[in-house]
Structures are given as structure tokens and as C-alpha cells.
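Structure at a glance
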Amino acid sequence: MIDIEGRIRRLFSRLRSKASDFRASDPAKKAASAYQDFKQSDRAKKAASAFQDLKGSDRAKKAADAFNDLKTSDQAKKAAGALNDLRASGTGQKAEATLKDLRQREPLRKAEESARKFLHDHRAGSGTSGGASA
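In this numbering scheme, every chain counts its residues from 1 along its sequence in written order. The model is predicted, so local features are restricted to residues of pLDDT at least 70 and side-chain atom pairs to those at 80 or more, both for listing and for counting; the totals for chains, interfaces and linings are taken over all residues. For the side-chain quantities, the full set of heavy atoms in the structure was used; hydrogens and water were omitted.

Concerning a positive patch on the surface
Each patch groups residues whose relative accessible area exceeds 30% and which form no salt bridge, using 9 Å between like charges and 5 Å between nonpolar side chains of Val, Leu, Ile, Met, Phe, Trp and Tyr. Note on areas: these come from Shrake-Rupley sampling with a 1.4 Å probe, and a residue is covered only by the protein chains present in the view. Take a side-chain nitrogen of Lys or Arg and a carboxyl oxygen of Asp or Glu: if they are within 4 Å of each other, that pair is a salt bridge. Positive charge is attributed to Lys and Arg, negative charge to Asp and Glu, and no charge count is given to His or to the chain ends. To locate a charge, take atom NZ for lysine, CZ for arginine, CG for aspartate or CD for glutamate. Taken together, Arg7, Arg10, Arg14 and Lys18 make up a surface patch of like positive charges. Under the scheme used here, helices are H or I runs from DSSP no shorter than 4 residues and strands are E runs no shorter than 2 residues, and both carry numbers assigned from the N terminus. The topology assignment puts Lys18 in helix α1 (residues 2-24). When accessible area is computed with a 1.4 Å probe and restricted to protein chains, residues below 20% of their type maximum are described as buried, those above 50% as exposed, and intermediate ones as partly exposed. Owing to a relative accessible area of 60%, Lys18 belongs among the exposed residues under this scheme.

Written out as C-alpha cells, the structure reads:
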């Protein structure tokens, strides 16, 4: 047990050392400086102001009200109830266990990760079309 504790301490020590080295590196300092410059820029302040204006606008309030109305509607409650019933059923339990088992498999996890990255890139507008190689 003491050997494991020693190894853990050495690993944490190396991790702290690498983190300190990274924070002290020029690229990290440049990135931090660029971030601070952006935070204090007129562009960032204008974007934050526009976001606050949007949050407080009538359109945002109407959208939030419509969403809450939809969430509390009878149809939404029926759908939630049906989903809970399905989850609690034997078939739902089997499906959940099978899905959980499949997700534990490495190739599927890598495929899910690649799909998530692709969707994120696609939504961000970069439009990458190839899968990520892991």
C-alpha cells in the first residue's frame, strides 16, 4: 500500500511540475494576455451588452413563456408519463442495459466521440467532413 501511495505522490508531483511549467511558458502567457485583452475590448463589451439586451427583450420573454407553456401542457405531461412508463417496463430496462453495455465498448465510444466532434464542428460552421481519427 505504501508503494502505491508513493507512486501517486510522485505522479501528482510530476503533474504539478508540468502544470507550473505550462503556466510559465510563453505560449500560455500569450494566450492569457490575449484572453484578458479580448475581455477588456470593445467587441467583448458590445457582445455582452447585446446578449443582456437580448435576454431582457420582449422576444426572449415571449419565447421563454412559450417554452414554459409547452413544457406544462397536457401533451408534454402525457409524453413524459409515457416515457417514464417505457423506462420502467421490462423492455425498457433491457434496452437500457443493452445500450449501457454497448457504450462501454471502445469502438462505439470512439465513434460517438467522433460524431460529437463532427456535429460540434458542423454547428460551429467549420464544416469538416472527415471523421476524427483516434
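Observations regarding the packing of helix α5 (residues 74-88) against helix α6 (residues 90-103)
The N-to-C vectors of α5 and α6 enclose an angle of 75°; their axes lie 4 Å apart at closest approach. Classified by the angle between their axes, α5 and α6 sit roughly perpendicular to one another. From α5, Leu86, Arg87 and Ala88 reach across to α6, where they touch Gly90, Gly92 and Gln93. Gly falls in the polar group here, along with every residue not listed as nonpolar (Ala, Val, Leu, Ile, Met, Phe, Trp, Tyr, Cys, Pro) or charged (Asp, Glu, Lys, Arg). Partitioned by chemical class, the residues of the contact of α5 with α6 number two nonpolar, three polar and one charged. All axes are obtained by fitting lines to C-alpha atoms, using only the stretch in contact for helices, and the reported angles, taken between N-to-C directions, cover 0 to 180 degrees. By definition in this entry, angles of less than 35 degrees are roughly parallel, angles greater than 145 are roughly antiparallel, angles of 65 to 115 are roughly perpendicular, and the rest are oblique. Every residue pair with non-hydrogen atoms within 4.5 Å of one another is taken to be in contact.

Points about a nonpolar patch on the surface
There is a patch of nonpolar side chains on the surface, built from Ile4, Ile8, Phe12 and Leu15 and spanning about 400 Å² of accessible area. Structurally, Ile8 is set in helix α1. By relative accessible area, Ile8 is classed as partly exposed at 42%.

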